[in-house]
Amino acid sequence: GGVPPVTDLVLGATAGCLACFITNPLEVVKTRLQLQGELQPPGTYPRPYRGVLRAAVAVCQADGLRGLQKGLAAGLLYQGLMNGVRFYCYSLAEDAGWTGHPGGTVAAGAVAGAVGAIVGSPAYLVKTHLQAQTLSAMAVGHQHNHESISGAFKSIYQQHGVVGLWRGVTGAVPRVAVGSAVQLATFASAKDWVCERQWFRKGSWAAVLAGGMVSGVAVAVTMTPFDVISTRLYNQPVDADGTGKLYRGFLDCVLQISSKEGLLGLYKGIGAVYLRLGPHTVLSLFFWDKLRNM
C-alpha cells in the first residue's frame, strides 16, 4: 500500500526482470522439454532432453554455457511488460477496494494476469522461438532460425503484420490468468502453513521461499497444461496467411496433444515449471517489496 499504481508498474517490471535473469535457464530447459516429441506417441521419438538436470547439461553441450540464457533479452522484455502491467492493474484493483471483497484477490490477480499476458505476448512469442533454436542434432519443435531478437520481431512483422506478433495469445491468456489466480490463492496460506509447523521463523525469507515452493505444487499442476499449449501455439510453423500448420487454436491443440501424446503430454516439462515457479515467485515478490520500501 501507499505506492501509486504508475510506480507499481515500474517496480513490478523491474522486479520481474531481476527474477527472470536468475530463472531464465529453467525457461530454456522447459521450452525444450515441452517441444520434445511434439505430436508423436510416447516411445517413438529420440529424447535428447531427459529430466531437468540432464536437459540442462544437453543444452550446454549443444549451445555452450551461454545457451542456458537463450532468449534472455526477449524474456526480460516479456517480464517487464507483463509484470509491469500486472502489478499496475492489481494496484488499481487494490486502490478501488476490489481486493477487499470475497474472492476479490483471486479475481483481480486473474484479470491483471490476463491483461499483462496480452501486452507481453509478442515478446513471449519471440522468446519461445529463440529458446527452441539449437543444433539440428538436438533440435526439437519447429526451428524459426532467427538471428537476433530484433531480427525476429522484424521477420514476423514483415511476413504476417501486426496480427502475427500476437499469434498464440489465446494460449497465453489462460496460462497467466490461471497461474496468477492459483498463485495468489495459495501462496499466503502455504507460507502460513510452513510457519505453523515451525519449519521456519515467521517473517523470514526462508519461510517465504518454502511457502513459494509449496504453493508452486498447486500452480505447477494447474498451469503446466496451459504452459505446454502456449509453447506449442507460439512455436508452431505457419502458412503465408499466418494460419498454424499444426494447430488451429487452443482447443485443437489440447485435443491433438491428448490424442497423439496422451494426457501426460500436457504435463511435459512439469519439473522445470515447478523448479522455476517457487524461486521466480519469491524473487519477484522480494524485489518488488524491497523496491516499494525504497
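Please read these numbers as outputs of a predicted model, since none were measured by experiment. (Residues numbered from 1 in each chain as written. Predicted model: local features only at pLDDT ≥ 70, side-chain atom pairs only at ≥ 80, totals over all residues. Heavy atoms only, no water.)

### Thoughts on the side chain of Thr134
Heads up, the rule is: Per the convention used, a helix needs a DSSP run of H or I reaching at least four residues, while a strand needs a run of E reaching at least two, with both numbered from the N terminus. Each residue's exposure class comes from its accessible area (1.4 Å probe, protein chains only) as a fraction of the maximum for that residue type: buried when under 20%, exposed when over 50%, partly exposed otherwise.
Inspection of the secondary structure assignment puts Thr134 in the loop between helix 4 (104-132) and helix 5 (149-165). Judged by its relative accessible area of 16%, Thr134 falls in the buried class.

### Here we look at helix 1 (residues 5-35)
Let me state the cut-off plainly: One fewer than the residue count of a helix, multiplied by 1.5 Å, yields its expected span.
Helix length check: helix 1, at 31 residues, gives a terminal C-alpha distance of 38 Å against a target of 45 Å (1.5 Å per residue), a shortfall beyond 12%. Count one or two residues on from helix 1 and you reach Gly37, which has phi positive near 70°.

### Points about unusual backbone geometry
Phi is positive for Asn145, close to 60°, though the residue is something other than glycine. Within the secondary structure, Asn145 is located in the loop between helix 4 and helix 5. For Asn145, a relative accessible area of 57% puts it in the exposed group. A positive phi angle, near 60°, is found at Gln198, a position not held by glycine.

### Points about the packing of aromatic side chains
Each pair of aromatic rings is reported with the distance of its centres and the angle of its planes. Selection rule: Pairing of aromatic side chains requires ring centres within 6.5 Å, counting the rings of Phe and Tyr and the six-membered ring of Trp. Pairs whose planes differ by under 30 degrees are stacked, by over 60 edge-to-face, and all others tilted.
This structure, assessed with the given rule, holds four aromatic pairs. Here Tyr124 and Tyr234 contribute two aromatic rings whose centre-to-centre distance is 5.2 Å and whose plane-to-plane angle is 35°, an arrangement assigned as tilted. Taken together, the positions of Tyr124 in helix 4 and Tyr234 in helix 7 (residues 205-235) put the pair 110 residues apart, joining distant regions of the chain. Looking at Tyr124, the relative accessible area reads 2%, which means it is buried.

### Section: the UniProt feature "repeat: Solcar" (unreviewed entry) in the chain
Using the following cut-off: UniProt positions are given in the numbering used here, feature names are shortened, and annotations may be inferred rather than shown by experiment.
With numbering matched to this structure, UniProt assigns "repeat: Solcar" (unreviewed entry) to residues 3-96, 100-193 and 203-294. Secondary structure within residues 3-96 divides into 71% helix and 0% strand; the distance between the first and last C-alpha atoms comes to 14 Å. As annotated, residues 100-193 comprises 76% helix and 0% strand, and the C-alpha atoms at either end are separated by 22 Å.

### Examining empty space enclosed by the protein
Heads up, the condition is: Think of a 1 Å grid over the protein atoms and nothing else: a 1.4 Å probe that fits but is trapped marks a cavity, an open set flanked by protein within 12 Å on at least five of seven lines marks a pocket, and residues with an atom within 4 Å of a point count as lining. Grid points are joined across faces, edges and corners, and a volume is the space filled by probe spheres set on the points.
Counted under the stated rule, the structure contains one cavity of 30 Å³ or more. Put simply, the largest cavity is a space of about 60 Å³. Around the largest cavity sit Cys20, Thr23, Asn24, Glu27, Gly75, Tyr78, Gln79, Tyr124, Lys127, Arg175, Arg276 and His280, which together line it.

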